[in-house]
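Chain residues, written in single-letter form:
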Amino acid sequence: MFEPETSYPYRRVGDHSGLTTNRKHVEHLTIYQFSTDKYPYLIEVERYPCQIYVFKFYRRQHKKNKQRFNLMTNEGKCARIVATCFSIFLSIYEKNPLASFGFLGAHTIDTQKQIIEPKNETRRFVVYRQAVQNYFGTDTFTHFSNPENSIYLAISNKNKDVANIAEIASAMIEQLLDL
Amino acid sequence: MGKLITPFNHKKEVSVHMASVRLANTTKGYLAKVSAEEIKARRVAAYRYLLP
């Protein structure tokens, strides 16, 4: 369902150092683009300290929208889009086995239907968590989650001190949530 | 004359309070380990691992 073979062809469209992105803790930002049958999408891959890569995606049309991560496209292509994220992560992991995979399942905001989803255990979080747990095993990764904020992190077991990375990540998340 | 014993130690009270504040802050972004058993229970075994 989320196999990389089903991923959309993607290309890198942006490469920014942490300084130019002005995003707290972000060391590097890479932006990829792909297109479904209907719309072009962007995937932002943020690299945080300890080789943590966080994946975010949205429709290119919503690039300037502050709620771009919260909007539903209703296109029904979630599995192939997540597969594209996995495909990108695998290419990163091939080059850097210390790489860890993280995501935040944004809560849905639908102004037309007047729906604002609570931030804990969002629908996106539940789906992405299931996908990560199906495809990334416990031999290669140690899995951590914060359902209260719908955050998930799979830390590569190639790292010497996985528990310490989880602590560092927790501290960063705490600061980012305060922003 | 015996030593005056205060009913409670103010310094200790403050330090306990600060500790609880720190604890409250650190649990906000706290990442809990997901056990292998939990993952195994939730995982759909039919899917093949991309990374085991």
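Keep in mind that this is a model prediction, so the values were computed, not measured.

A look at unusual backbone geometry
Residues and elements named next belong to chain A.
Okay, so step 1: Phi is positive for His25, close to 70°, though the residue is something other than glycine.
Okay, so step 2: Tracing the backbone through its elements, the reader meets His25 in the loop between α1 (18-21) and β2 (28-35).
Okay, so step 3: C-beta crowding within 10 Å serves as the criterion here: with 18 such atoms nearby, His25 is assigned to the partly exposed category.

Some points on helix α3 (residues 123-135) of chain A
Okay, so step 1: Across its 13 residues, α3 of chain A extends 19 Å between first and last C-alpha, which sits within 8% of the 18 Å expected from 1.5 Å per residue.
Okay, so step 2: Where α3 of chain A is buried, its residues contact α2 (78-95), β5 (100-104), β8 (141-146) and β9 (151-156) of chain A together with α2 (36-42) of chain B.

Structural notes on the pairing of β9 of chain A
All names here are of chain A.
Okay, so step 1: In terms of burial, β9 is largely enclosed, as six of its six residues are buried.
Okay, so step 2: Burial of β9 is two-sided: the residues Ile151, Leu153 and Ile155 facing one way and the residues Tyr152, Ala154 and Ser156 facing the other way are all buried.
Okay, so step 3: Where β5 lies against β9, four bridges are found, and the strand directions are antiparallel. The partner of Phe103 across the bridge, within β9, is Tyr152.
Okay, so step 4: With six bridges connecting them, β8 and β9 associate as antiparallel partners. For His143, the partnering residue across the bridge sits in β9 and is Ala154.
Okay, so step 5: From the end of β8 to the start of β9, which pair antiparallel, there are four residues, and Ser150 there has a positive phi angle of about 55°.

Reading guide: rules and limits
Residues numbered from 1 in each chain as written. Chains lettered and ligands numbered in written order. Predicted model: local features only at pLDDT ≥ 70, side-chain atom pairs only at ≥ 80, totals over all residues. Helix = DSSP H or I, 4+ residues; strand = E, 2+ residues; numbered from the N terminus. Buried ≥ 20, exposed ≤ 12 C-beta atoms within 10 Å, placed from the backbone. Expected span 1.5 Å × (residues − 1). Contact = placed C-beta atoms within 7 Å. Pairing = 2+ DSSP bridges.

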